[in-house]
2 protein chains.
Amino acid sequence: MSIVRSASISPLDPASAEPYYRQIYERVRGAIASGVLRPGDRIPSARGLATELGLARGTVETAYSLLSAEGYIQARGQAGTVVAPGLDLRSPVAEPRRDSRTPTDSFRADSVLPFQMGLPALDAFPRKIWARLGARSIRALQPSGMAHPAVFGMPALRAEIAAYLQVSRGIDCSPSQIFVTSGYRHTLHLICHALLQAGDGVWVETPGFPPTRELLGHMDIAAIAVPVDREGMVVSEAIERAPGARAAVVTPAHQSPLCVSLSLPRRLALLDWAASNHAWIIEDDYDGEYRYVSRPLPALKSLDRDGRVLYAGTFSKVLFPSLRLAYLVVPEAQIDRFEQIALAFAGGSPELTQTIVTAFIKEGHFARHIQRMRKLYAERREATAAGLESVLGDHLRIDAQPGGMHLILRLLDGRSDRQLAARMRVEGLYAEALTNWTPDRDGAPALLLNFTNIDSLATAEKLAKRILNLI
Amino acid sequence: MSIVRSASISPLDPASAEPYYRQIYERVRGAIASGVLRPGDRIPSARGLATELGLARGTVETAYSLLSAEGYIQARGQAGTVVAPGLDLRSPVAEPRRDSRTPTDSFRADSVLPFQMGLPALDAFPRKIWARLGARSIRALQPSGMAHPAVFGMPALRAEIAAYLQVSRGIDCSPSQIFVTSGYRHTLHLICHALLQAGDGVWVETPGFPPTRELLGHMDIAAIAVPVDREGMVVSEAIERAPGARAAVVTPAHQSPLCVSLSLPRRLALLDWAASNHAWIIEDDYDGEYRYVSRPLPALKSLDRDGRVLYAGTFSKVLFPSLRLAYLVVPEAQIDRFEQIALAFAGGSPELTQTIVTAFIKEGHFARHIQRMRKLYAERREATAAGLESVLGDHLRIDAQPGGMHLILRLLDGRSDRQLAARMRVEGLYAEALTNWTPDRDGAPALLLNFTNIDSLATAEKLAKRILNLI
């Protein structure tokens, strides 16, 4: 591998009609095509080349970004920028304008790592059906569907979600209580603006999903840490510590990340507290569908007699995350308030994704997909746990859990979970350290490993051996 | 037209495996299919039917929403709910599950009204090309493209936007300065969180785009009204009134809604003020591409030597609004701050829409479309103005403007613009009253009429006659 000097890029033409960034782009592409630059060769930094050519750094960066997006070059952090090592000049990437793949595909495959958290089984998604519905939806695009979408969500989608929640999660709500959002953060943000104020306190599970704490912080809302035991959030302790909190964020189905379910007595205690304090319960039901030991539990929202529960659902886990489609169910008495806030802060979700999802639900694919995934995840969970245990049994213990999409590997011998997770990342394995899910980073060390994309016992064992090498 | 009693809906079966909402849905559908309910018939209110059947109101509403979404019934506000008047039982809507149209299409056509503000020419959009790129993008969906999208935007899209801004708007920026958002409100919201605080004051053009003022209000930021004259925002007056403001929101290309351009001396004065006060300029460049008397002016951001300008661009006007895709360009020194805020509040835009737009730009359709629209809008503007003037010339005067997508019709004789706009709405014509664009609703009365969807002089005259009847 050689370090290539700027000299290998032929001089730019100030008189050309082509802007400089395009000229740089063409020249680098040309140098690669002609073999002057070869896969693995280092190219000058954007800063360096800009200085040398007397151009703004942004101009060179634009050219490099295009080259990178099209797969010609790769940024390697400290190691600089190189011509893409695997670049096959006969492959479509060399002719990106005729390439039907998405521009970044060439290097995106790397971005899904074994054990990556928060992902459903991407290989098991019915992509052909999806593509058929998608193509149909786009072909059917009419001027009326191009104007501003309904801000609270497409009526047809809100109706389908209401129907689904009634059957699957035991929630009795009307479509007007449903607000389509772009994800959990968007949902939580709407709730904060609609119902909370700067300075308010909110109970938060500890350990708990870090983005909740982070978003509340940006809204100047105090996250009050509440411990979690085998029955979920310890509500009595929360009441003792901060009875005047204005809300509680809970993950009742499978606590995030410990996967325990909030027990019925705790659910009732929480509802009682909210009712008598006019406080709010924010139910983050990110994966309520995925329970394996028995039928999924009804949502906490299904017990909400006093209109205190805000229900946050998402399509990220039951469909896929890059869809950016989620929803919020608000108590009937809060509809006006949420309509006002939703109108102020956002313009709705793209009509296209809403149309495809509506068709997917309506035609029965959604219910079938969830059924299939429930079965598949039970199998993959068992296979992953067995594979990890057989290889790593001396070093860790896997929690028994009723549901969820990841395993919790308790590390024995007081080993640091953050160190091991960092080592795994370097080796191309994804892991999250449980101690990063508490505000002071203490607690028992454990790894959180998503199992939904581990396709067999053999794969799990192979990956476990790679982990063993790092211990 | 008869009012149908609940009796026409056969009794529900409590022992059935079908949930109640589905039973209601099926029964109403059945009654329509069998002719018991006919187009135009009124059906019981959800509340009434729920009481009668002893069900939760939400259950009936869910059934009605599905029926409405599929085109069987229509809500008529005070007039109640009726079986869709135009319902043709042989048409696809009677078999929605085999209907390839989007579920709500049947009644969405009504939602785009003549003169509707904020819309590009929806009939002139290259829908076939779009559908081809869309189908291709969906078919090419790989697991890697289903995982969480890049939060700041797809690298390929950010690179294309940077390249476009350089050529078309004179903005020299790197892709890392670009943040893809879901629209102007999302953009403004990010800026408020990143750079402003509750209690800050912000200069706002008066008259000006009402959502700006509304969103700032929800963030507890004071909107300071600054008048607009022929050269745009009167910067000297703003400095006099509130020199310590933390930011200014401006629409330099075509002031929203007066369509005047911010003059060069004013641009420089604004930049000077921002630089010496460490204040921010938020440039809302919602339609900078659409100027007809000469070449589009470079963006204010192109003059930003001190890194004080936040540039808000959008695809709503150059493509279409239901796409929900926009972007923000931040000064290089602010990249870290915006990355932090973007990560806290959102999970990125859908991969699919980003992929399609990237391909649309990359393959040259975007530049061609803008060129075509510039020409078409110049024609439609002239035709619309001529048609309105020939019929309504005694009652109003149309402002001369260099660009934009709407006309400003000054009402003579002190007529109320709000009253006339309201009357037009009742008659199915869209109009906005200029006085609604000022906080105290004063100022000269005028109507704002979008011309981009008025396809000929004849159409304009026909519509003008309908307006004349209302005067």
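No experiment lies behind these values; they were computed from the predicted model shown.

A. Summary view of the overall build of chain A. Within chain A, the secondary structure is distributed over 15 helices and 15 strands. Taken over the C-alpha trace, chain A has a radius of gyration of 25 Å; the compact-globule value for 471 residues is 23 Å, and the two agree within 12%. Considered along the principal axes of its C-alpha atoms, chain A spans approximately 75 × 60 × 45 Å. A burial count over chain A gives 61% of its 471 residues as buried. Considering only intrachain contacts with a sequence separation of at least 6, the fraction spanning at least 24 residues in chain A is 70%. Accessible surface, chain A as shown: approximately 18,100 Å² in total, 51% of it carbon and sulfur.

B. Structural context of the interface of chain B and chain A. Facing the 95 residues of chain B at the interface are 94 residues of chain A. Buried area between chain B and chain A, summed over both chains or domains, comes out near 7,700 Å², and the portion from carbon and sulfur atoms is 63%. The interface formed by chain B and chain A includes zero salt bridges. Our count for the contact surface shared by chain B and chain A stands at 19 residue pairs in polar contact (both at pLDDT 80 or more).

C. Layout of the packing of helix 11 (residues 335-345) of chain A against helix 8 (residues 210-218) of chain B. Their axes nearest at 9 Å, the elements helix 11 of chain A and helix 8 of chain B cross at an angle of 120°. The angle between helix 11 of chain A and helix 8 of chain B places the two elements in the oblique class. Note that helix 11 of chain A runs across helix 8 of chain B; the crossing there is left-handed. Residues A:R337, A:Q340, A:I341, A:A344 and A:F345 of helix 11 of chain A lie in contact with helix 8 of chain B, whose contacting residues are B:E214, B:L215 and B:H218. Class assignment of the residues belonging to the contact of helix 11 of chain A with helix 8 of chain B gives a composition of four nonpolar, two polar and two charged.

D. Representation of unusual backbone geometry. Across the junction of B:T206 and B:P207, the peptide omega takes the value 0°, indicating a cis bond. Among the structural elements, B:P207 can be located in the loop between strand 5 (201-206) and helix 8. One non-glycine residue with positive phi stands out, namely A:D220, at about 60°. The exposure class assigned to A:D220 is exposed, which follows from its relative accessible area of 55%. In this structure, B:F115 takes a positive phi of about 75° despite not being glycine. When you line up the elements, B:F115 lands in the loop between helix 4 (105-108) and helix 5 (127-139).

E. Representation of the relation of the copies chain B and chain A within the structure. Superposition of chain B onto chain A requires a rotation of 180° combined with a translation of 0.0 Å along the rotation axis, giving an RMSD of 0.1 Å. Expressed as an axis order, the relation between the two copies is that of a two-fold axis. Of every C-alpha in chain B, the one belonging to B:A135 sits nearest the axis of rotation, 2.2 Å from it. Take the interface residues of chain B: 98% of them recur as interface residues in chain A, which is what a same-surface contact looks like.

F. View of helix 2 (residues 46-53) of chain A. Residue and element names in this part refer to chain A. Those residues of helix 2 lying buried are A46, L49 and A50. Viewed end-on, helix 2 has its buried residues packed into an arc of 100°, placing them on one side of the element. Seen from the open side of helix 2, the exposed residues pointing more than 90 degrees away from its buried face are R47, T51 and E52. Note on helix 2: the residue one or two positions beyond its end, G54, has a positive phi of about 70°.

G. Local environment of the nonpolar core. In terms of nonpolar packing, the biggest core is built from 144 residues, with A:W130, A:F315, B:W130 and B:F315 touching the most fellow members. Residues within four places of A:F315 in sequence aside, it is in contact with A:I161, A:F320, A:L323, A:L325, A:A326, A:Y327, A:V357, A:I361 and A:F366.

H. Spotlight on the pairing of strand 13 (residues 406-411) of chain A. Residues and elements named next belong to chain A. Of all the six residues making up strand 13, six are buried; the element is thus mostly covered by neighbouring parts of the structure. Here strand 13 shows two buried faces, one formed by H406, I408 and R410 and the other by L407, L409 and L411. Note: strand 12 (residues 396-398) against strand 13, three bridges, orientation antiparallel. Looking across to strand 13, one finds that I398 is bridged to L409. Judged from the five bridges that link them, strand 13 and strand 15 (residues 446-450) form a sheet pairing that is antiparallel. Considered in strand 15, the bridge of L407 is made with L449.

I. Expanded view of the sheet that holds strand 7 (residues 232-233) of chain B. All names here are of chain B. Across the sheet, eight strands lie side by side as 4-11-10-9-8-5-6-7; this open sheet has mixed pairing. The open sheet has two edge strands, strand 4 (178-181) and strand 7, and neither has a second partner. Judged from the six bridges that link them, strand 5 and strand 6 (residues 222-229) form a sheet pairing that is parallel. Within strand 6, the position partnered with T206 by the bridge is P227.

Rules used throughout
- Per chain, the residues get numbers from 1 upward, laid out in the order the sequence is written.
- The order in which chains are written sets their letters, starting at A; the order in which ligands are written sets their numbers, starting at 1.
- Where local features are concerned, this predicted model is filtered to residues with pLDDT of at least 70; where side-chain atom pairs are given and counted, the filter is 80 or more; whole-chain, interface and lining totals use all residues.
- Excluded from the side-chain calculations are hydrogens and water; all other atoms, namely the structure's heavy atoms, are used.
- A run of H or I in DSSP counts as a helix once it spans at least four residues, and a run of E counts as a strand once it spans at least two, with each numbered from the N terminus.
- Taken over C-alpha atoms, the radius of gyration is set against a globule rule of 2.2 Å times the number of residues to the power 0.38.
- Partly exposed describes any residue whose relative accessible area lies between the buried limit of under 20% and the exposed limit of over 50%, with all areas from a 1.4 Å probe on protein chains only and scaled to the type maximum.
- Note on contacts: a residue pair is in contact if any heavy atoms of the two residues lie within 4.5 Å.
- Method for areas: the Shrake-Rupley scheme with a 1.4 Å probe, in which residue coverage is limited to the protein chains shown.
- Joining two parts hides part of their accessible area as seen by a 1.4 Å probe, and the buried area is that hidden amount summed over both.
- What counts as a salt bridge is simple: a side-chain nitrogen of Lys or Arg found within 4 Å of a carboxyl oxygen of Asp or Glu.
- Polar contact is the term for a pair of N or O atoms within 3.5 Å; when the atoms are in protein, one must be able to donate a hydrogen and the other to accept it, and sequence-neighboring residues count only if both atoms are side-chain atoms.
- To obtain each axis, a line is fitted to C-alpha atoms, and for helices this fit is confined to the stretch in contact; angles are then taken between N-to-C directions over 0 to 180 degrees.
- For classification purposes, an angle smaller than 35 degrees is called roughly parallel, one larger than 145 roughly antiparallel, one from 65 to 115 roughly perpendicular, and anything else oblique.
- What makes a crossing left-handed is the near helix being turned counterclockwise from the far one by less than a right angle; a clockwise turn instead makes it right-handed.
- Three classes are used: nonpolar for Ala, Val, Leu, Ile, Met, Phe, Trp, Tyr, Cys and Pro, charged for Asp, Glu, Lys and Arg, and polar for all others, with Gly counted as polar.
- The copies were overlaid with a least-squares fit restricted to C-alpha atoms from residues scoring a pLDDT of at least 70 in each copy.
- Directions from the helix axis toward the C-beta atoms define the arc.
- We call a set of buried residues a nonpolar core when its members are Ala, Val, Leu, Ile, Met, Phe, Trp, Tyr or Cys and they connect through side-chain atoms within 4.5 Å of each other.
- A strand pair is defined by DSSP finding two or more bridges across the two strands.

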